[in-house]
Structures are given as C-alpha cells and as structure tokens.
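# Structure at a glance
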Amino acid sequence: MLLPDDVELTLIDSTAIAARVAELAATLNDDYEGSENLIVVGVLKGSFIFAADLTRLLTVPHQVDFVALSSYGDSAEHSGLVRLIMDTRLPLTGRDVLIVEDILDTGHTLDYLKRNFLSRGPKSVRSCVLLHKPSRQEAHVSIEYLGFEIPDVWVVGYGLDYADRYRTLPYIGVLKPSAYGR
Ligand code: PRP
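No experiment lies behind these values; they were computed from the predicted model shown. (Residues numbered from 1 in each chain as written. Predicted model: local features only at pLDDT ≥ 70, side-chain atom pairs only at ≥ 80, totals over all residues. Heavy atoms only, no water.)

### A look at the nonpolar core
Side chains of a nonpolar character, in soluble globular proteins, are inclined to be buried together. Put simply, the rule is: Remark: nonpolar core denotes a set of buried residues (Ala, Val, Leu, Ile, Met, Phe, Trp, Tyr, Cys) joined through side-chain atoms within 4.5 Å. Throughout this description, buried means an accessible area under 20% of the type-specific maximum (1.4 Å probe, protein chains only), exposed means over 50%, and partly exposed covers the range between. Numbering of helices and strands starts at the N terminus; helices are DSSP runs of H or I of at least 4 residues and strands are runs of E of at least 2. We call two residues contacting when some pair of their heavy atoms lies within 4.5 Å.
In terms of nonpolar packing, the biggest core is built from 28 residues, with Phe 50, Leu 54, Cys 128 and Leu 131 touching the most fellow members. Listed by contribution, the elements that provide at least two residues to this core are helix H1 (14-31), strand S2 (38-44), helix H2 (48-55), strand S5 (96-104), strand S6 (124-132) and strand S7 (145-149). Once residues within four sequence positions are removed from consideration, Phe 50 is found in contact with Val 21, Leu 24, Val 100, Glu 101, Cys 128, Val 129, Leu 130 and Tyr 158. Membership of the second largest hydrophobic core comes to 16 residues, among which are Leu 92, Val 97, Leu 113 and Val 129.

This is the structure in structure tokens:
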C-alpha cells in the first residue's frame, strides 16, 4: 500500500489489528458473560474506530457511550492535568464500565478517568487499550485488556492522529520525525 508522505512505515497492518481486536472481543465476551449492565465507554476522539470495531464483535449485552477529555498543553508532553469536557450521557452507578482507549502513553488520561468513574459507584471499572508505550508511562494505572505494546514512536491511523490528520488510515503507521520537526 502506498503510504502518505508523512508516514515512514506500517507498524501494525489492518489484518493484524483485526485479528487482535477479535481476540480481545472473545476475551471480553467470556469475562462479561452474565453481566446484564455492561457499558462500553470510548474516549474521543482517538478510540472511535477501535470502539466501533470492538463493540460490533461483542455478543454480551452492552450499551455504548463516549467521553471527551482535554489535556493542558501538548498532549504528547502534557503535565498530567486532564479535564472532562464531555461526560457520558448514561449514568455509571451500578454498571460494569469498560473504558476503551486507543493508546496509553503517560497514563494520566486513563488514571484520571478510572478515578473519576470509580467515584460514581460503578460495579466495576476496567480498561481495554489498543496500544501501550511502556517506556513512556508515568501514572500507575492498570490495563486489564491490551492490544499491543509498541516502542516510543509517533503512531497514526486507526483513530490516532497527528494534528487531527491520518485518523482514518486503516493501519497503524509510524510518522516520520521530519513531520513533527524532529
Ligand atoms: C490521546 C489518546 C489518549 C491519550 C493518552 O488523546 O487518545 O486519550 O492521548 O495519553 P496519556 O496516556 O499520555 O494521557 P489526545 O489528547 O491526543 O486526543 P484525541 O484522542 O482526540 O486525539
């Protein structure tokens, strides 16, 4: 496949993504069997494609909702200050809450969300994260369901962006350092 000018290489192709998403969904279907109140909460914008693909493979009853967050400063270098700018429409009290994230970088976003959701009296709160950069993690927060560990490179595609571009690439690609001035 011809890559856009700013993309150096394909890190995870669409076949590998689909296979891993199917494995994650199968595990979730087992783990949430019998749950009557699962709510899957996608974190905008980055998780919109992952959440759409994952939830369409869920056979357990569930509802879908979204939140949007803003971090102060550059998201790649932010200081850990996170603010909720769009909340779920559905209440979380008494629910099994599954947070769906595209990537855990410093971990501050997921740490904030888990604490925030836990304060609302849910039955459980877990996370399903497609990509994790272990070398970048600062906050001590756990991922219950993980797609792939990746190195510290700027990734785009499958929901992930650079300056809001490249989110709809069907694969996960590595951005050329020259694209963001390194
Ligand atoms: C990205 C990503 C995660 C967060 C992870 O969102 O989607 O939500 O950063 O970073 P952290 O682990 O360092 O907190 P971003 O702020 O880029 O917004 P977007 O999803 O709208 O692209």
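### What to know about the sheet that holds S6
Formally: For two strands to pair, DSSP has to find at least two bridges joining them. For helices, the axis comes from a line fit to the C-alpha atoms of the stretch in contact; other axes are also lines fit to C-alpha atoms, and the angle between any two N-to-C directions lies between 0 and 180 degrees.
Sheet architecture is open: 6 strands sit in the order S4-S3-S2-S5-S6-S7, paired in mixed fashion. The open sheet has two edge strands with one neighbour each: strand S4 (82-86) and S7. Each strand of the sheet is rotated relative to its neighbour by a mean of 30°, with strand direction disregarded. Note: S5 against S6, 8 bridges, orientation parallel. Across the sheet, Leu 98 pairs through a bridge with Arg 126, a residue of S6.

### Observations concerning the packing of aromatic side chains
Note the following rule: Two rings belonging to Phe, Tyr or Trp (six-membered ring only in the last case) form a pair when the distance between their centres is within 6.5 Å. Interplanar angles under 30 degrees mark stacking, angles over 60 mark edge-to-face geometry, and anything in between is tilted.
This structure, assessed with the given rule, holds 2 aromatic pairs. An angle of 90° between the planes, with centres 5.4 Å apart, marks the rings of Trp 154 and Tyr 162 as edge-to-face. Ring plane angle 40° and centroid distance 4.9 Å describe the contact between Trp 154 and Tyr 180, whose orientation is recorded as tilted. In this pair, Trp 154 is assigned in the loop between S7 and strand S8 (155-156) and Tyr 180 in the segment after strand S9 (172-175), connecting sequence segments 26 residues apart. Residue classification places Trp 154 among the partly exposed residues on the basis of a relative accessible area of 24%. Three or more aromatic residues joined by ring pairs form one cluster here, namely Trp 154, Tyr 162 and Tyr 180.

### Observations concerning the site of the ligand
We apply this condition: A molecule or strand has a residue near it when one of that residue's heavy atoms lies within 4 Å. As used in this structure description, the phrase polar contact means that two N or O atoms lie within 3.5 Å; if the pair is within protein, one of them must be able to donate a hydrogen and the other to accept it, and residues adjacent in sequence are counted only when both atoms belong to side chains. We get accessible surface area from the Shrake-Rupley algorithm with a probe of 1.4 Å; when it comes to residues, only the shown protein chains can shield them. Polarity classes work like this: nonpolar for Ala, Val, Leu, Ile, Met, Phe, Trp, Tyr, Cys and Pro, charged for Asp, Glu, Lys and Arg, and polar for all others, with Gly in that last group.
Inspection of the region around the ligand gives 16 residues, with Glu 101, Asp 102, Thr 106, Gly 107 and Thr 109 positioned closest. Here an oxygen atom of the ligand and a backbone polar atom of Lys 45 are 2.9 Å apart. Separating an oxygen atom of the ligand from a side-chain N or O atom of Glu 101 is a distance of 2.7 Å. Isolated, the ligand exposes 500 Å² of accessible area, and the fraction of that covered by the protein chains is 84%. Among the elements of the structure, S5 and helix H3 (108-118) are those that each provide at least two residues to the shell around the ligand. At 4 residues, the largest contribution of residues to the shell around the ligand is made by S5. Here the shell around the ligand is built from residues that sort into 3 nonpolar, 7 polar and 6 charged.

### A short note on the environment of Lys 45
Relative to the helices and strands, Lys 45 is located in the loop between S2 and H2. Look at Lys 45 and you get partly exposed, because its relative accessible area is 45%. Separated by 116 residues in sequence, Lys 45 and Asp 161 place their C-alpha atoms 9.2 Å apart. Setting aside its immediate chain neighbours within four residues, Lys 45 contacts Asp 164 and Arg 167.

### A short note on the pattern of salt bridges
Put simply, the rule is: Salt bridges are identified by distance alone: a Lys or Arg side-chain nitrogen within 4 Å of an Asp or Glu carboxyl oxygen.
Applying the stated rule across the entire model yields 12 salt bridges. The partner of Asp 105 in a salt bridge is Arg 136, and the shortest N-O contact between them spans 2.7 Å. One end of the pair, Asp 105, is in the loop between S5 and H3; the other, Arg 136, is in the loop between S6 and S7, and 31 residues separate them in sequence. One exposure class covers both Asp 105 and Arg 136, and it is buried. Where Asp 111 meets Arg 115, a salt bridge forms, and the shortest distance between an N and an O atom there is 3.2 Å. In this pair, Asp 111 and Arg 115 are both assigned in helix H3, 4 residues apart and thus about one turn of the helix distant. Asp 111 gets classed as buried once you look at its relative accessible area, which sits at 16%. Given the relative accessible area of 57%, Arg 115 is considered exposed.

Treat this as a map of the structure, not an account of what it does.
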